[in-house]
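# Structural overview
These are the residues of each chain, in order.
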Amino acid sequence: MKLWKKAAGLIKDRNSIWVAVISRRTSLRNPDLEAIIIKATSHDETTVDYKNFHRVYQWVRTSPLYLKPLLYALSTRMEKTRSWVVALKGLMLMHGIFCCKIPSVQKIGRLPFDLSNFCDKHSKPSKTWAYDAFVRAYFNYLDQRSAFLSTLVKKNNRKSDQEEPPLLEELGRLQKWQSLLDMLLEIKPEAISPHRTNNHTYNNNKVYLISEAMICLLTEIFDVYSRVCKGIAGALLRIYASPGKQEAQMALGVVQKAAVQGEELSVYLEYCMDMGILSTADCPKVEQIPEEDIRDLERIINQASKMEESFVEDNKAIVAMQNPTSKKSKTIITDKWEVFEEDLISWVSADTSGFSDVSGYSYNTTSSSAIGVGGQGQYRNPFAPSSKNIIPYHHPVPTAYNHQVLPDLISF
């Protein structure tokens, strides 16, 4: 950092402090708090004033009434600055305010300032474009994180503390945390890594501010990843207790995504060790998602699918039983007779030698089994005409008895 540039930044900070001190105190402006924020977000890229950082945190913890003046002062500072150093320090300060875990801070929603299109105006774009991209990525994460936390607080206020959220809602939250983790892993100053040393980039080991910002991001990464792992553990217990196909499918996607993110996090930590931000002794071990959890969820989904198929088939069978007229009855015409032994005995006489069938079949009284044509004692059709002489029917001759008049019993 050149001497004249450092002197120019110092003069700007002093002028801003002087303007803040002489300003009138209102419900939105607190001169003392504004001066502290200006000191915490100075133009000096070689140091980070953590003392004034903590003084800001104390103001917020003292009373939620100081939150509006704080946001007003920080937003004004971020909207006016054209220095990536001031912008990055402001994001680090806002990140620390979120970590205070104050309910009023979690209800902020979207950030009150916009750095999504930030561009440094104090140096050539060829020298600062990498830092500008770092600032924009950092802002996008904090903006999405703040909006998500605000949504969670509003939902939790509508429910009692003892009421457990539905499983699908809990899995949806895990998916949102995973999307935030993806945004965090994308905040990687690759263009200013120590492996690139030319006239247009800086060695990251010499940029103290970038190293401090990466430490803040690593802390946030491990916090979000731990949230995801704990949420997965709780969701799996609920799925094992009462398995459902929809919940299991959604949980399987979350678990598979977590397994991929675990590998990406390991690569990210190796990158940080190459940059010199982390040492081998300080680098924690990333806990990977067990393969058994993925296989268990796949097994639950397969079992649920089979149960659904059997349920559908059972419903079809029940509907068919309840509506028997839905099937049309059919008349079948056949020339095959089915004869039972007791029926044969009822019409076969002792002497059947004289009976013959047009088919040439006859029945053997010694056996009830049917044998071939022309055999002795073969089966014969009982309804076929017989050649044996049957006693003829004679009509009775009318007699006097037949003409007897019957008495009238009704009139009698």
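That block above? That's the structure.
Below is a short write-up of the structure. (Residues numbered from 1 in each chain as written. Predicted model: local features only at pLDDT ≥ 70, side-chain atom pairs only at ≥ 80, totals over all residues. Heavy atoms only, no water.)

Looking now at the overall build of the chain. Secondary structure summary: the chain contains twelve helices and zero strands in total. Mapped from its N terminus to its C terminus, the chain presents α and β elements in the order α-α-α-α-α-α-α-α-α-α-α-α. Looking at the chain as a whole, 37% of its 412 residues are labelled buried. Put simply, 73% of the contacts in the chain that link residues at least 6 apart link residues at least 24 apart. For the chain, the accessible area works out to roughly 26,200 Å², and carbon and sulfur atoms hold 55% of it. (Helix = DSSP H or I, 4+ residues; strand = E, 2+ residues; numbered from the N terminus. Buried < 20%, exposed > 50% of the residue type's maximum accessible area, 1.4 Å probe, protein only. Contact = heavy atoms within 4.5 Å. Areas by Shrake-Rupley, 256 points an atom, 1.4 Å probe, with all protein chains shown as cover.)

With that settled, consider the nonpolar core. If you look at the biggest cluster of nonpolar residues, it comprises 89 residues, and the most contacted ones within it are W84, L88, L115 and I232. Of all the elements, helix α9 (residues 208-241) adds the most residues to this core, at 14 residues. The two domains that each donate at least three residues to this core are domain 1 (1-163) and domain 2 (170-193 + 203-317). Those residues in contact with L88 that sit more than four places away from it in its chain are F134, V135, Y138, L209, I210 and A213. (Core = buried A, V, L, I, M, F, W, Y, C linked by side-chain atoms within 4.5 Å. Domains from an automatic or database assignment.)

Phi is positive for K101, close to 55 degrees, though the residue is something other than glycine. On the basis of relative accessibility, which here comes to 59%, the residue K101 falls in the exposed class.

Right, let's get into the packing of helix α2 (residues 31-40) against helix α4 (residues 67-80). The contact between α2 and α4 brings their axes to 9 Å, and the two run at 45 degrees. Taken as axis vectors, α2 and α4 run oblique relative to one another. At the point where α2 passes α4, the crossing takes the right-handed sense. Within the contact between the two elements, α2 uses L33, E34, I37 and I38 and α4 uses P69, L70, Y72, A73, L74 and R77. A breakdown of the residues in the contact of α2 with α4 according to their chemical character gives eight nonpolar, no polar and two charged. (Axes fitted to C-alpha atoms, helices over the stretch in contact; angles between N-to-C directions. Parallel < 35°, antiparallel > 145°, perpendicular 65-115°, else oblique. Left-handed = near helix turned anticlockwise from the far one by under 90°. Nonpolar A, V, L, I, M, F, W, Y, C, P; charged D, E, K, R; others polar.)

Over its 19 residues, helix α1 (residues 3-21) extends 27 Å from the first C-alpha to the last, a length consistent with the 27 Å expected when each residue adds 1.5 Å. Among the residues of α1, G9, D13 and A20 are the ones counted as buried. For α1, the arc enclosing every buried residue in end-on projection is 35 degrees, short of the 170-degree limit, so these residues lie on one face. Opposite the buried face of α1, at more than 90 degrees from it, the exposed residues are L3, W4, I11, R14, W18 and V21. On its buried face, α1 is in contact with α2 and α4. (Expected span 1.5 Å × (residues − 1). Arc of directions from axis to C-beta.)

Quick look at the environment of Y72 now. Mapping Y72 onto the fold places it in helix α4. On the basis of relative accessibility, which here comes to 34%, the residue Y72 falls in the partly exposed class. It is 7.2 Å that separates the C-alpha atoms of Y72 and R29, two residues lying 43 residues apart in sequence.

A few words on the side chain of K89. Tracing the backbone through its elements, the reader meets K89 in helix α5 (residues 84-99). Within the buried core, K89 has no salt-bridge partner, and the shortest N-O distance to an opposite charge, that of D44, equals 5.8 Å. Ignoring any residue separated from it by four or fewer positions in sequence, one finds K89 in contact with A40, T41, S42, D44, T47, F53 and L209. (Lys, Arg positive; Asp, Glu negative; His and termini not counted. Salt bridge = Lys/Arg side-chain N within 4 Å of Asp/Glu carboxyl O.)

Side chains of K2, K5, K124 and K127 sit close together on the surface and give a patch of like positive charge. Of note, K2 is situated in the segment before α1. (Patch = residues over 30% accessible without salt bridge, like charges linked within 9 Å, V, L, I, M, F, W, Y side chains within 5 Å. Charge placed at Lys NZ, Arg CZ, Asp CG, Glu CD.)

Throughout the structure, instances matching the rule amount to nine salt bridges. Between R29 and E34 there is a salt bridge, with the nearest N and O atoms lying 3.0 Å from each other. Assessed through its relative accessible area of 26%, R29 is described here as partly exposed. Judged by relative accessible area, which is 7%, E34 ranks as buried.

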